[in-house]
Amino acid sequence: MEKARPLWANPLQFVFACISYAVGLGNVWRFPYLCQMYGGGSFLVPYLIMLLLEGMPLLYLELAVGQRMRQGSIGAWRTISPYLSGVGVASVVVSFFLSMYYNVINAWAFWYLFHSFQDPLPWSVCPLNANRTGYDAECEQASSTKYFWYRKTLNISPSIQDSGGLQWEPALCLLLAWLVVYLCILRGTESTGKVVYFTASLPYCVLIIYLIRGLTLHGATNGLLYMFTPKLEQLANPKAWINAATQIFFSLGLGFGSLIAFASYNEPSNNCQKHAIIVSLINSSTSIFASVVTFSIYGFKATFNYESCLSKVILLLTNSFDLEDGFLTASNLEQVKGYLASTYPDQYSKVFPLIRNCSLKAELDTAVQGTGLAFIVYTEAIKNMEVSQLWSVLYFFMLLMLGIGSMLGNTAAILTPLTDSKAITRHLPKEAIAGLVCLVNCAVGLVFTLEAGNYWFDVFNDYAATLSLLLIVLVETVAVCYVYGLRRFENDLQAMTGRTLSWYWKIMWAGVSPLLIISLLLFYLSDYILTGTLQYQAWDASQGQLVTKDYPAYALAVIGLLVASSTMCIPLVALGTFVVRRLRRGDPAPVA
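These numbers come from a predicted model, not from an experiment.

Engineer: Looking at this model, I keep getting lost on the overall build of the protein chain. Mind explaining?
Structural biologist: Secondary structure summary: the protein chain contains 26 helices and 2 strands in total. Relative to a compact globule of 592 residues, whose C-alpha radius of gyration would be 25 Å, the protein chain shows 26 Å and is just as compact. Referenced to the eigenvectors of the C-alpha coordinate spread, the extents of the protein chain come out at roughly 95 × 50 × 45 Å. Each of the 592 residues in the protein chain was classed as buried or not, and the buried ones make up 54%. Across the protein chain, every contact between residues at least 6 apart in sequence was considered, and the portion connecting residues at least 24 apart equals 82%. For the protein chain, the exposed surface amounts to about 25300 Å²; the carbon and sulfur share of it is 63%. Measuring between centres, the 35 positive side-chain charges of the protein chain sit 14 Å from its 34 negative side-chain charges.

Engineer: What should I look at first to understand a nonpolar patch on the surface in this one?
Structural biologist: Judged by side-chain polarity, Met 568, Leu 572, Leu 575, Phe 578, Val 579 and Leu 583 come together as a nonpolar surface patch covering roughly 600 Å² of accessible area. You can see Leu 575 is positioned in helix 26 (residues 569–584). According to the relative accessible area criterion, Leu 575 is partly exposed, its value standing at 49%.

Engineer: In this structure, what is going on with unusual backbone geometry? I would like to understand it.
Structural biologist: Excluding glycine, most residues fall at negative phi; most peptide bonds, likewise, are trans. Note that the residue after Asp 119, namely Pro 120, is joined by a cis bond; omega there is 0°. Its location among the elements puts Pro 120 in the loop between helix 6 (85–115) and helix 7 (137–141). In this structure, Arg 70 is a non-glycine residue whose phi angle is positive, near 55°. Mapped onto the elements of the fold, Arg 70 is located in the loop between helix 4 (44–69) and helix 5 (73–80). Exposure remark for Arg 70: the relative accessible area of 24% places this residue in the partly exposed category. Phi angles above zero are rare outside glycine, and Asn 155 is one such case at about 45°.

Engineer: Which parts of the structure should I look at to understand the pairing of strand 2 (residues 545–550)?
Structural biologist: For a regular strand, side chains alternate in direction, first toward one face of the sheet and then toward the other. Of the strand pairs in this sheet, strand 1 (residues 535–540) and strand 2 are connected by 6 bridges, and their pairing is antiparallel. Paired with Asp 540 across the two strands is Gln 545, which belongs to strand 2. Connecting the antiparallel pair strand 1 and strand 2 is a turn made up of 4 residues, with Gly 544 showing a positive phi of about 70°.

Engineer: I keep staring at the environment of Val 15 and nothing clicks. Help me out?
Structural biologist: Considering the arrangement of structural elements, one finds Val 15 in helix 1 (residues 11–22). Distance from Val 15 to Cys 126, taken between C-alpha atoms, is 45 Å for residues 111 residues apart in sequence. Setting aside anything within four residues of it in sequence, one finds Val 15 in contact with His 275, Ile 278 and Val 279.

Engineer: Looking at this structure, how should I read helix 12 (residues 238–251)?
Structural biologist: Note on helix geometry: an α-helix contains 3.6 residues per turn, so any two residues three or four positions apart are oriented the same way. The terminal C-alpha atoms of helix 12, which comprises 14 residues, lie 20 Å apart, in line with the 20 Å expected from a rise of 1.5 Å per residue. For helix 12, a buried count of 10 out of 14 residues is recorded, marking the element as mostly surrounded by other parts of the structure. Burial in helix 12 covers these residues: Ala 240, Ile 242, Asn 243, Ala 244, Ala 245, Thr 246, Gln 247, Ile 248, Phe 249 and Ser 251. Sitting at the amino-terminal end of helix 12 is Asn 237, which places a side-chain oxygen 3.0 Å from the backbone nitrogen of Lys 239. At the C-terminal side of helix 12, Gly 253 shows a positive phi close to 75°.

Engineer: What am I meant to see in the packing of aromatic side chains here?
Structural biologist: Using the criterion set out here, one finds 48 aromatic pairs in the structure. Relative to Trp 509, the ring of Tyr 60 lies with its centre 5.3 Å away and its plane at 45°, an arrangement referred to as tilted. Placement of Tyr 60 in helix 4 and of Trp 509 in helix 24 (residues 503–531) is noted, with a sequence separation of 449 residues between them. Take Tyr 60 and Trp 509: they sit in the same class, and that class is buried. Across the ring face of Tyr 226, the terminal group of Lys 231 is positioned such that the distance to the ring centre comes to 4.5 Å.

Rules used throughout
- Residues numbered from 1 in each chain as written.
- Predicted model: local features only at pLDDT ≥ 70, side-chain atom pairs only at ≥ 80, totals over all residues.
- Heavy atoms only, no water.
- Helix = DSSP H or I, 4+ residues; strand = E, 2+ residues; numbered from the N terminus.
- Rg over C-alpha atoms; globule rule 2.2 N^0.38 Å.
- Buried < 20%, exposed > 50% of the residue type's maximum accessible area, 1.4 Å probe, protein only.
- Contact = heavy atoms within 4.5 Å.
- Areas by Shrake-Rupley, 256 points an atom, 1.4 Å probe, with all protein chains shown as cover.
- Lys, Arg positive; Asp, Glu negative; His and termini not counted.
- Charge placed at Lys NZ, Arg CZ, Asp CG, Glu CD.
- Patch = residues over 30% accessible without salt bridge, like charges linked within 9 Å, V, L, I, M, F, W, Y side chains within 5 Å.
- Salt bridge = Lys/Arg side-chain N within 4 Å of Asp/Glu carboxyl O.
- Pairing = 2+ DSSP bridges.
- Expected span 1.5 Å × (residues − 1).
- Polar contact = N/O pair within 3.5 Å; in protein donor to acceptor, adjacent residues only side chain to side chain.
- Phe/Tyr/Trp six-rings, centres within 6.5 Å; stacked < 30°, edge-to-face > 60°.
- Lys NZ or Arg CZ within 6 Å of the ring centre and 35° of its normal.

Quick look at the structure:
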C-alpha cells in the first residue's frame, strides 16, 4: 500500500514556511540599496505595481500547482505533460546551485557571531604591523571593517586566478551551517514545520529592537529623510521599473520549486489564494520595514563619518594656523577657509591637499548592497554604538535566522522531487537522502572558502539563477495556461478549494505576467550582450580598495555552463521524452 503523503500540522505552519523562505537576506541587503539608487520613496511606486502585476499572481500560480499536483517540481510538471519534466529538473539544478553558495553566507554569519563576543569587537580597530610600530598598512589604506572582512574573514587573493589555500576557520563554519540545516530538515515537514516558527518570527523581533535603537541614534533622521524623500524623476527611468520587477521576482523565490514543494504538503482544500496574498504582502512589507531600520542606521553611520571628517579638518586648520581652540566650528568652517585662503595663500596651498571634502550628501549617496552592506556597512555602524557587542550578536543572529529559513526552502526544492521518486526511496531512507544532499553541497561549497572563494561566490550569485529562473517561470506560466489549459486549471482549483478564480488572476496568468517576464529576459540578454567582456571586483591590498578586472577565459566558461546546465534541461528533457516515445511507438503524450 502506498504511503500517505506527509502534511503540515496546520495551515499556519505552511504560511510560516513560505514566509521563512521568501523573507530572506535580499529583503535586508538589496531592497534598501534599490531604494537608495532609484528615488527613495518614489521606488515604492514601481515596486508595488510589480507586486500586483507579477509577484502575487506568480506566487499563487506556483502554490496552486503544488497543491493540485501534490508532488515536487519534477513530478508536478510531468503530470501536466511528460514533455515538461525538464522544467522541474531545471528548478532542482538551480536550487542545487543556490544551496551550494547560499549557505556560505550563513557560515560567514556564524564567523561574525562568534567574534561578536569579543571586547573590543575585532573589526573596530586596525591591528598593529609586524614591527608593532604602527598599524597594518592594508588596514590603514582601507578601514578596520573592510580589513576584517577581506583579510581576516576571506583572506582574499588579488584575483580569481590565484585560488590560494582552504581557509579552515570559514570551512569549519560552513560545516556547522550545513549541520544545522541537516538537523532542521532531518524529519521532513515534521521537523521543518517546527523550525520555521523560529526562523520566520525571530528576525522580526530583532528588526523591531533595531528599529527602536536605530531611531534613537544621532543622525538617524538624516537617513530616513534620504529614504522617504521621493525623487519623482526616477519614475521615468526604465531601470527603476526593471529592478522593481526583478526584486519582486527573486525576493519571493519564484522558479526554484520550493513553493511548489511546500504547497504539495497542503490539504487539497487549503485556501492557497489567501496564503499567496498574505505571504507576498508580508514579504514586501518586510522589505519596506527593513529599509526603515537600515536607513536609520545608515543615517547614523553617514552622520558619524561626516562629523568625524569635519573634526579632522577643524583640527588640521587649527594646528596649521595656530587658531584659538573652539574658534573654528562646523557652522563657520567654509567662511574661515575662504578667509585663510585669501589672507595666507602660500601657507593655505601647502595645507590644501590634506583638507578633505566633507559632505553628508556624499556619505548618504554611497550605495552598497549584498555582502558589502551586511558585513562592512552594518559592522561600521555597530562598532560605533554603545554596547556594540550586544547589537552585533543580535544582528548576526538575525542574519542566521533569515539565511537558515531560506535554506530550508532551497533544500526542500531538491529533496521533495528526490523523496517522491520510488526508485530512490526504495533503496535509501529519507534521512539518508537529506544527508547525502547536504554532504555533496557542503563538499562543493568548500570551493567558496578558498582565498579566491569570494570571487566564485560572486560568479554563482550573479549568473547561476537569473536567466534560468526567468525562463523557468515563463514556461511554467505558459504550461498552465496553454498546455494544461487555464479553464481546466480553474475548474481544478474550484473543485479543490470551492472558490472560483477571479478575472484578475486569469488576466495576469494568461497575459500580463508572461509579457513582463519576456521583457525582463530581453533586458538581461541585451545587457549581457552590450556589456561585452564580463568583469568582476577584485581586492587590491596595496590600495585598500576594490579594482575592476576582466574574467579569465575559464571563468567565462564556468559562467556559460552555469546558465546552460539549467536552461538546457527544459528542451533536452522534452527532446529525450519525444525520442523515447517515438521509439516505443506509444500513444500520444497524455496530459493530466
